[in-house]
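Remarks on the overall topology
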Amino acid sequence: MSEVISSSRGAARWYLIQTKPRQEARAAEHLQRQQFDCYRPVKHGEKKRGSRAPAEEELFPGYLFIHMDQASDNWYPIRSTRGVARIVTFGGMPVPVKDELIEQIRQRLLAPPAKVSFKEGDTVRITAEGFNDVEAIFLASDGDERAVILLNLLQREQKVTLPVSSLSRPQVQA
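The structure presented is a predicted model; accordingly, all values stated were derived computationally and were not measured.

1. Brief notes about unusual backbone geometry
Notably, Arg 22 is not glycine yet its phi reads approximately 55°, a positive angle. Examined against the element boundaries, Arg 22 turns out to sit in the loop between strand 1 (13-19) and helix 2 (24-33). Even without being a glycine, Leu 154 presents a positive backbone phi close to 50°. By the secondary structure assignment, Leu 154 is in the loop between strand 11 (146-153) and strand 12 (156-163). Here Leu 154 falls in the exposed class, since its relative accessible area comes to 82%.

2. Examining the sheet that holds strand 6 (residues 84-87)
Pairing within the open sheet is antiparallel, and its 4 strands lie in the order 2-5-1-6. Both edges of this open sheet fall to strand 2 (37-39) and strand 6, since each of them pairs with a single strand only. For this sheet the average axis-to-axis angle between neighbouring strands, irrespective of direction, equals 35°. Sheet analysis places strand 1 next to strand 5 (residues 63-68), joined by 6 bridges and oriented antiparallel. What sits directly across from Trp 14, in strand 5, is His 67.

3. Let's talk about the confidence of the model for the chain
In the predicted model, the chain carries a mean pLDDT of 83, and the fraction of residues at 70 or more is 84%. Mean pLDDT values over the elements of the chain span from 34, in helix 1 (residues 2-8), up to 96, in strand 1. Across residues 1-9, confidence stays below pLDDT 50; counting only partners more than four residues off in sequence or on other chains, it has 14 contacts.

Definitions and limits used
- Sequence order sets the numbering: in each chain, residues are counted from 1 along the sequence as written.
- For this predicted model, a pLDDT threshold of at least 70 governs which residues receive local features, and a threshold of 80 or more governs which side-chain atom pairs are given and counted, while totals over whole chains, interfaces and linings are taken from all residues.
- Side-chain numbers here rest on the full set of heavy atoms in the structure, without hydrogens or water.
- Numbering of helices and strands starts at the N terminus; helices are DSSP runs of H or I of at least 4 residues and strands are runs of E of at least 2.
- Residue burial is assigned from relative accessible area. The probe radius is 1.4 Å, only protein chains are included, and a residue is buried under 20% of its type maximum, exposed over 50%, and partly exposed in between.
- By this definition, two strands are paired if DSSP reports at least two bridges between them.
- Helix axes use the C-alpha atoms of the stretch in contact, all axes being lines fitted to C-alpha atoms, and the angles between their N-to-C directions lie in the range 0 to 180 degrees.
- Residue-level confidence of the predictor is summarised by pLDDT, bounded by 0 at the bottom and 100 at the top.
- Any two residues whose heavy atoms approach within 4.5 Å are treated as being in contact.

Below, the structure written as structure tokens:
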């Protein structure tokens, strides 16, 4: 247990906060008012019907990240902050989240979503591990990043949902 404390002393690290149901934005707002650096990963989607603003979807519903120094920052106000349920701990101690993970999440959210360039009935090749070079029929897109395909498994056709990034066009042999 002392390894966790000693490895994080003197440097601010990211920690995980559990929020009350559907109060991630409220918790982040109130923590930022207390001068805490928070990160609430959200994915911006299409406008909801009847709304003027684009919809925000929580990447991790019920959680947000807070950047703190475990040794010098005061943790007590966090527990009584509106919208916060608790600090996520293991063995009674908050465990830091790697900075690299936070950076990967940020980069992934900044990257443009994969565009579906297939039409219904197109033949596609699955490039995902376990399905290497298996061909299927594209049925429909399921959101921005997923596709529904028709796969022939053991002489039966099965509908399967896969990430669009795991599909490619079959190469034409000359």
